[in-house]
Amino acid sequence: MNKNEECITPTTEENIKESAKIVFLKKGFAGTKTRDIAEHSGENLALINYYFRSKKNLFRLIMNEIAEEFLESIVPVFNNPDSSIREKIELIVDNYINLFVQQPDIPLFMMNELGENSSCLSQSERKIEMILHSVFHAQLKTEYAHKNIDPEHIVMNIMGMTIFPFIGKAMMNEMNGMDDEMFMQLMEERKKLIPIWIMSMLEGPQE
């Protein structure tokens, strides 16, 4: 048994993956070196290649896991036949904000990386299709057919309203002296306000 094999434990692969997620979220794909992941994980550099073959393969795995987590709690909400449009909006906003509070680096990371690495979401294509052809979309088309509202605009508005504060948090902290407690209070308020704003868009006059 060589030295590398002696180092391998049942937790080594998971340790590398969790460390890679932290480093990728902070530095992105281009800014991350394999050595950075090895140093963060405390594992031998050769073990990263042993388990994942390359930085690109490891990044693809992390991106898919982030996307799966991002979509996992949302798909059932979009496709619940028993909830109203407003109830769906409330749950979508609540789930998104809760996820970003727990992992605040995800919005900026995905915005920066998805344009160049959208192929990394291949494993999530089925869930994305389920959202694009969801019960929520059908409800919007039926309920507001007289206004000719494209459901994609509504989904983009919901995502923009929930995601942007996390992307712009550093700027708001700098400009307004907003601390984490104040930011969290604002996010709790937005859970209530965003559904109100979206419903106002839907029910208001359409030019």
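In what follows, the structure referred to is the one given above.
Residues numbered from 1 in each chain as written. Predicted model: local features only at pLDDT ≥ 70, side-chain atom pairs only at ≥ 80, totals over all residues. Heavy atoms only, no water.

Caption draft 1: View of the overall build of the protein. When helices and strands are tallied, the protein shows 13 helices and zero strands. Counting from the amino terminus, the protein carries its helices and strands in the arrangement α-α-α-α-α-α-α-α-α-α-α-α-α. Within the protein, buried positions represent 40% of all 207 residues. Taking as baseline every contact in the protein between residues at least 6 positions apart, the subset at least 24 positions apart corresponds to 74%. Split by element, the accessible area of the protein, about 11900 Å² in all, is 53% carbon and sulfur. (Helix = DSSP H or I, 4+ residues; strand = E, 2+ residues; numbered from the N terminus. Buried < 20%, exposed > 50% of the residue type's maximum accessible area, 1.4 Å probe, protein only. Contact = heavy atoms within 4.5 Å. Areas by Shrake-Rupley, 256 points an atom, 1.4 Å probe, with all protein chains shown as cover.)

Caption draft 2: Inspection of unusual backbone geometry at higher detail. Backbone geometry places Arg53, a non-glycine residue, at a positive phi of 75 degrees. Position of Arg53 among the secondary structure elements: in the loop between helix H4 (45-52) and helix H5 (55-72). At Asn148, a residue that is not glycine, the phi angle is positive and equals roughly 55 degrees. Along the chain, Asn148 falls in the loop between helix H10 (135-143) and helix H11 (151-167).

Caption draft 3: Focus on the pattern of salt bridges. Evaluation of the coordinates by the stated rule reveals eight salt bridges. When the shortest N-O distance is used, the salt bridge between Glu69 and Lys21 registers 3.6 Å. Highlighted residues: Glu69 in helix H5 and Lys21 in helix H2 (residues 12-31), separated in sequence by 48 residues. Accessibility expressed as a relative area gives 31% for Glu69, which makes it partly exposed. (Salt bridge = Lys/Arg side-chain N within 4 Å of Asp/Glu carboxyl O.)

Caption draft 4: Structural detail: the packing of aromatic side chains. This model, assessed by the stated rule, comprises ten aromatic pairs. Relative to Phe100, the ring of Tyr96 lies with its centre 6.0 Å away and its plane at 15 degrees, an arrangement referred to as stacked. Within this pair, Tyr96 and its partner Phe100 are both found in helix H7 (residues 85-102), separated by four residues, close to a single helical turn. Residue classification places Tyr96 among the buried positions, given a relative accessible area of 4%. A cation over a ring is seen here: Lys55 above Phe29, with NZ or CZ 4.2 Å from the ring centre. (Phe/Tyr/Trp six-rings, centres within 6.5 Å; stacked < 30°, edge-to-face > 60°. Lys NZ or Arg CZ within 6 Å of the ring centre and 35° of its normal.)

Caption draft 5: Structural view of the nonpolar core. By size, the foremost hydrophobic cluster in this structure holds 50 residues, and its most contacted members are Leu58, Ile89, Phe136 and Leu202. The biggest single contributor to this core is H7, with eight residues. For Leu58, the residues in contact, after removing those within four places along its chain, are Ile16, Lys17, Ala20, Phe24, Ile37, Ile48 and Phe52. (Core = buried A, V, L, I, M, F, W, Y, C linked by side-chain atoms within 4.5 Å.)

Caption draft 6: Representation of the packing of H7 against H10 in the model. Contact geometry for H7 and H10: axes closest at 10 Å, N-to-C directions at 140 degrees. The angle between H7 and H10 falls in the class oblique. Crossing handedness for the pair H7 and H10: left-handed. Within the contact between the two elements, H7 uses Ile85, Lys88, Ile89 and Ile92 and H10 uses Val135, Phe136, Gln139, Leu140 and Glu143. When the residues that make up the contact of H7 with H10 are grouped by side-chain class, the tally is six nonpolar, one polar and two charged. (Axes fitted to C-alpha atoms, helices over the stretch in contact; angles between N-to-C directions. Parallel < 35°, antiparallel > 145°, perpendicular 65-115°, else oblique. Left-handed = near helix turned anticlockwise from the far one by under 90°. Nonpolar A, V, L, I, M, F, W, Y, C, P; charged D, E, K, R; others polar.)

Caption draft 7: Summary view of the packing of H7 against H11. In contact at an axis separation of 10 Å, H7 and H11 are set at 20 degrees when each is read in the N-to-C sense. The angle between H7 and H11 falls in the class roughly parallel. As H7 runs across H11, the sense of the crossing is right-handed. Packed against H7, whose contacting residues are Ile89, Ile92, Val93, Tyr96, Ile97, Phe100 and Val101, the element H11 presents Ile158, Met159, Thr162, Ile163 and Phe166 at the interface. A breakdown of the residues in the contact of H7 with H11 according to their chemical character gives eleven nonpolar, one polar and no charged.

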